[in-house]
Amino acid sequence: MTLNISSKIKLAVKGEGRESTLIRIGDAVIGGGKVAVIAGPCTVESREQMIEAASAVKAAGASMLRGGAFKPRTLPYSFQGLGLEGLKILAEAREETGLPVVTEVMAPEEVAVVEEYADVLQIGARNAQNYPLLKRVGKAQKPVLLKRGLASTIEEWLSAAEYILHGGNADVVLCERGIRGYGRLTRFTLDLAAVPIVKEVSHLPVVVDPSHSTGVRSLVKPMSKAAVAAGADGLIVEVHPHPDEALCDGAQSLRPRDFETLMDELGPVARSVGRGL
Ligand code: PEP
Ligand code: MN
């Protein structure tokens, strides 16, 4: 029995000369023999917070840095991010650590400025079917990390990737970040089967976000290990130097020392599936 994916999806699926796509971002590679770990706070809050987080994740062995400057918040009353100032802080954190930066872009008209500062453009779950935005990042010169929509099927997610590839941008990383479930104990439901499914039908690399998919700090480590065991090409993990003071997503953010332990424990899991860290 093989997976019966829609034949209307052309570019995001495997085909002649498209078996497995490697994406190089500075010294980092997503989709190769090594599991790429992207880590950092949910949101850039200040220069001090971001530099502290960046140094900590670098020391623990992360290969890329995350942090939101333009934040998609459920309510207008919540902290919306530092915008351009946040992008500048991210560029400074890259300068300090040498780690490439992944950050979200929410609107087509903001792509140019985000591209100027970031190494990877993140499309958030809430924008996973924002077609003008997908078309615009299809014309961007930087790789795109495409989150799965909150309630997207795998085919809808690959169809969103299709927009970016069709636009001419070949560097798309898929990100499984949990889908809407019905439990109250986790924020979303991590669909881990999506990882081997994507690896089977698509040539694009897939990373897992154990932070947003669970919403619970204690679940981040086990789900990260499970994701790597399932064949994920990488992880994107929220790490905050002081999660209790975080302006966003503190409850799911690892402390730097938890992140260090996670990195230590991931090595053997990666090796057990023929990969390294
Ligand atoms: C994020 O990564 O900070 C984020 C908002 O994620 P998602 O779009 O998956 O909710
Ligand atoms: Mn977050």
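Every value quoted in this text rests on a predicted model; they were computed, and no experiment measured them. (Residues numbered from 1 in each chain as written. Chains lettered and ligands numbered in written order. Predicted model: local features only at pLDDT ≥ 70, side-chain atom pairs only at ≥ 80, totals over all residues. Heavy atoms only, no water.)

Further remarks concern the site of ligand 1. Close to ligand 1 lie 13 residues; R66, K71, A125, R126 and R177 are nearest. Between ligand 1 and the protein, one listed contact pairs an oxygen atom with a side-chain N or O atom of R126 at 2.8 Å. In isolation ligand 1 has 290 Å² of accessible area, and contact with the protein removes 97% of it. Among the residues making up the shell around ligand 1, the classes are represented as 3 nonpolar, 3 polar and 7 charged. (Near = heavy atom within 4 Å. Polar contact = N/O pair within 3.5 Å; in protein donor to acceptor, adjacent residues only side chain to side chain. Areas by Shrake-Rupley, 256 points an atom, 1.4 Å probe, with all protein chains shown as cover. Nonpolar A, V, L, I, M, F, W, Y, C, P; charged D, E, K, R; others polar.)

Attention now moves to the pattern of salt bridges. Considering all chains together, one arrives at 12 salt bridges under this definition. Between D233 and K199 there is a salt bridge, with its nearest N and O atoms 2.6 Å apart. With D233 in the loop between α7 (217-229) and β10 (234-238) and K199 in helix α6 (residues 194-201), the pair connects residues that are 34 residues apart, well separated along the chain. Its relative accessible area of 0% is what places D233 among the buried residues. Residue classification places K199 among the partly exposed positions, given a relative accessible area of 28%. The closest approach of N and O atoms between R275 and D233, which form a salt bridge, is 2.4 Å. (Salt bridge = Lys/Arg side-chain N within 4 Å of Asp/Glu carboxyl O. Helix = DSSP H or I, 4+ residues; strand = E, 2+ residues; numbered from the N terminus. Buried < 20%, exposed > 50% of the residue type's maximum accessible area, 1.4 Å probe, protein only.)

With respect to the helices, strands and loops of the structure, L134 is situated in helix α4 (residues 131-137). Taking the C-alpha atoms as reference points, L134 and Y163, 29 residues apart in sequence, are found 6.0 Å from one another. L134 has contacts with I123, A128, Q129, L146, A160, Y163 and I164, leaving out every residue within four places of it along the chain. (Contact = heavy atoms within 4.5 Å.)

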